[in-house]
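Architecture at a glance
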Amino acid sequence: MTKVTLTVNGKAVSREVEQRTLLVQLLRDDPASGGLGLTGTHVGCDTSQCGACTVHVDGMAVKSCTMLAVEAEGAAVTTIEGMANADGSLSPLQQAFQDHHGLQCGFCTPGMVMTAAALLAENPTPSESAVRYYLEGNICRCTGYHGIVKAIMAASGQDMPAMAAE
Amino acid sequence: MQSFDFVRPSSVAEAVAALGAEDAQPLSGGQTLLPSMKQRLAAPAVLVSLSGIAEMQGLRREGDSLVIGGATTHATVARAARTDFPALAELAGNIGDPAVRNRGTIGGSLANNDPSACYPAAALATGATIVTDRRQIAADDFFQGLFTTALEEGEIVTAVRLPIPQRANYQKFIQPASRFALVGVFVASYAGGVRVAVTGASGDGVFRWTEAEAALSDRFAADAVTGLTVEAEGMIGDLHGTPAYRANLVRVLTGRAVAAAG
Ligand SMILES: Cc1cc2nc3c(=O)[nH]c(=O)nc-3n(C[C@H](O)[C@H](O)[C@H](O)COP(=O)(O)OP(=O)(O)OC[C@H]3O[C@@H](n4cnc5c(N)ncnc54)[C@H](O)[C@@H]3O)c2cc1C
Ligand code: FES
Ligand code: FES
């Protein structure tokens, strides 16, 4: 076991983890077994393909199923639980997902929101093709992506009617 | 994943010492190694993380070459090589997806030598030098077939030195499921001639297409390669493309790379 100290959604945390513990396990596991109980981050594939487990590590989108918890020593991690406004209401990006049919079953949504937030931090007004390109590593089995792309465009304050209908 | 010991040294010298342990293996971005460990294709007893080694990070210009630290991520190369070597920045920016690029590193990609990886094509086409903790290896000697390199047990790629071409372009025909190259061609033109390296196509991994190099050194134009043929024998065949399909792509993508390099 190794002690790992990091910041998660602005709070300093310290846990004893096995060396092989993945960051996503540290985040999701029950507090009774040493995890943080933050189950908003999902595991879809566990093979680095689907992006459901995407979180931010020092501001960068990372697949938390493909990073060791011990590698997050000293890092600032943000998960979907850290995305809402301080009063608990949805952030504009999250609200846009609700308003523009950016989710159906919701399984991919935490990863989609985290990836979209990373994109908008890099590029506040991305083109539609830039949005689709940035979502390359996030798989959604339900929506056909169009609602997700619309939500991200809307959250960036861009003109929605300019986009083709579903 | 089987359990292992983990160390995170802060210098190359400490990392080399740690790699002296039995069944020790370097961990860089982990974008290949961690999935392999989950599948139990790899089961190191000790993982030596390279992520805390400052001397293996970042890019610097040295005369006509770009020197990139072995632990530099694809995302950093995509951002920082834009002015000095735009074709390389573009290659890095098209690897996998944003999350893979934020963790995966150039040293990990070269050491792994996946037959469909992008960086080996850039290293071979530029005649790069692979710098390790103990020696310098020419790219022509470094890549030795499928997942095989000249690296010895415990040897670390600390940096890569790439001579900057006058003109260059990388054409990647994306395999949409894996996002690796179904075929990728890197063309690099120098005062002394043209080099062409192909990834994704051959069952032996990255290779130089010498006939195209001769034709393009003679006349740098897309149609200079249209009359050439690539043997289908030895090419990868899978459900995404037959050997003949890949052989044809090599020629087509080389032409496109020349056209795009201008
Ligand atoms: C979804 C997905 C899509 C991808 N798409 C592409 C793509 O389009 N093109 C592409 O080229 N790659 C692609 N990759 C692979 C990616 O680029 C990896 O990051 C890269 O191949 C390995 O780099 P790493 O830093 O993650 O190495 P690791 O996974 O940490 O290590 C890989 C191997 O190299 C060894 N190693 C690592 N660093 C060093 C070093 N400095 N010296 C010596 N040995 C070392 C390790 O021991 C291990 O054997 C993709 C990966 C994923 C998960
Ligand atoms: S669960 Fe991590 S990429 Fe799918
Ligand atoms: S909403 Fe169901 S997977 Fe995306």
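Residues numbered from 1 in each chain as written. Chains lettered and ligands numbered in written order. Predicted model: local features only at pLDDT ≥ 70, side-chain atom pairs only at ≥ 80, totals over all residues. Heavy atoms only, no water.

Structural notes on helix H2 (residues 92-99) of chain A
All names here are of chain A. Inclusion rule: Relative accessibility thresholds used throughout: buried, under 20% of the residue-type maximum; exposed, over 50%; partly exposed, between the two (1.4 Å probe, protein chains only). Elements are defined by DSSP. Helices are runs of H or I of four residues or more, strands are runs of E of two residues or more, and each kind is numbered from the N terminus. When we speak of the arc, we mean the arc of directions from the helix axis to the C-beta atoms.
Those residues of H2 not exposed but buried are Leu-93, Gln-94, Ala-96 and Phe-97. An end-on view of H2 places all buried positions within 155 degrees of arc, on one side of the element. For H2, exposure combined with an orientation more than 90 degrees from the buried face picks out Pro-92 and Gln-98. Just past H2, the residue His-101 takes up positive phi, approximately 55 degrees.

Structural notes on the interface of chain A and chain B
Using the following cut-off: We call two residues contacting when some pair of their heavy atoms lies within 4.5 Å. Throughout this description, the term salt bridge denotes a Lys or Arg side-chain nitrogen within 4 Å of a carboxyl oxygen of Asp or Glu. Pairs of N or O atoms are called polar contacts if they sit within 3.5 Å, as long as, within protein, a hydrogen donor faces a hydrogen acceptor (for residues adjacent in sequence, only side-chain-to-side-chain pairs). The classification used treats Ala, Val, Leu, Ile, Met, Phe, Trp, Tyr, Cys and Pro as nonpolar, Asp, Glu, Lys and Arg as charged, and all other residues, Gly among them, as polar.
Between chain A and chain B, the residue contacts involve 22 residues of the former and 30 residues of the latter. Counting the contacts that link chain A with chain B gives four salt bridges. The partner of Lys-38 of chain B in a salt bridge is Asp-46 of chain A, with the nearest N and O atoms 2.7 Å apart. Between chain A and chain B we count 13 residue pairs in polar contact (both at pLDDT 80 or more) in total. With four residues, the single largest contributor to the side of chain A that touches chain B is strand E4 (residues 60-63) of chain A. By residue class, the composition of the side of chain A that touches chain B is 10 nonpolar, five polar and seven charged.

Considerations on the sheet that holds strand E4 (residues 59-62) of chain B
Adjacent strands of a sheet pair through backbone hydrogen bonds, lying either parallel or antiparallel. All names here are of chain B. Selection rule: Two strands qualify as a pair provided that DSSP identifies no fewer than 2 bridges between them. As a rule, the C-alpha atoms of each element are fitted with a line to give its axis, helices using only the stretch in contact, and angles between N-to-C directions run from 0 to 180 degrees.
With respect to topology, five strands assemble into an open sheet ordered E4-E5-E8-E6-E7, the strand pairing being antiparallel. Strands at the two margins of the open sheet, each flanked by one partner only, are E4 and strand E7 (136-138). Strand-to-strand twist in this sheet, taken as the mean axis angle between neighbours without regard to direction, amounts to 25 degrees.

Some words on the pattern of salt bridges
Applying the stated criterion across every chain yields a total of 18 salt bridges over all chains. Between Lys-63 of chain A and Asp-97 of chain B there is a salt bridge; the shortest N-O distance is 2.6 Å. Taken together, the residues Lys-63 of chain A in strand E4 and Asp-97 of chain B in the loop between helix H4 (86-93) and helix H5 (98-103) connect one chain to another. For Asp-140 of chain B, the salt bridge goes to Arg-195 of chain B, with nearest N and O atoms at 3.0 Å. With Asp-140 of chain B in helix H8 (residues 139-142) and Arg-195 of chain B in strand E11 (residues 193-199), this pair connects stretches of sequence that are 55 residues apart.

Brief notes about the nonpolar core
Spelled out, the test is: Buried Ala, Val, Leu, Ile, Met, Phe, Trp, Tyr and Cys residues that are joined via side-chain atoms within 4.5 Å together make up what is termed a nonpolar core. Here the limits of each domain have been adopted from an automatic or database domain assignment.
The biggest cluster of nonpolar side chains holds 40 residues, and the ones touching the most others in it are Phe-85, Leu-88, Leu-110, Tyr-119 and Phe-186 of chain B. Looking at which element gives the most residues to this core, the answer is helix H7 (residues 119-125) of chain B, with six residues. Two domains each put at least three residues into this core: domain 2 (56-163) and domain 3 (167-261) of chain B. Discounting chain neighbours no more than four positions away, the residues touching Tyr-119 of chain B are His-74, Val-77, Leu-88, Leu-91, Ala-92, Ile-95, Ile-106, Ser-109 and Leu-110 of chain B. Core analysis: the second largest hydrophobic core is formed by 33 residues, Leu-22, Leu-23, Leu-38 and Ala-75 of chain A among them.

Structural notes on the domain arrangement of chain A
All names here are of chain A. Spelled out, the test is: In short, buried area is how much 1.4 Å probe accessible area vanishes from two parts on joining, totalled over both.
Domain annotation of chain A identifies domain 1 (2-82) and domain 2 (92-155). Once you take the C-alpha centre of each, domain 1 and domain 2 turn out to be 21 Å apart. Taking both partners together, domain 1 and domain 2 bury about 1100 Å²; carbon and sulfur atoms supply 65% of that area. Our count for the domain 1 to domain 2 interface comes out at five residue pairs in polar contact (both at pLDDT 80 or more). Going through the elements one at a time, strand E3 (54-57) and E4 are the ones with two or more residues in the side of domain 1 that touches domain 2. Broken down by element, the side of domain 1 that touches domain 2 gets its largest block of residues, three residues, from E3. Taken together, the residues that form the side of domain 1 that touches domain 2 break down as six nonpolar, nine polar and one charged.

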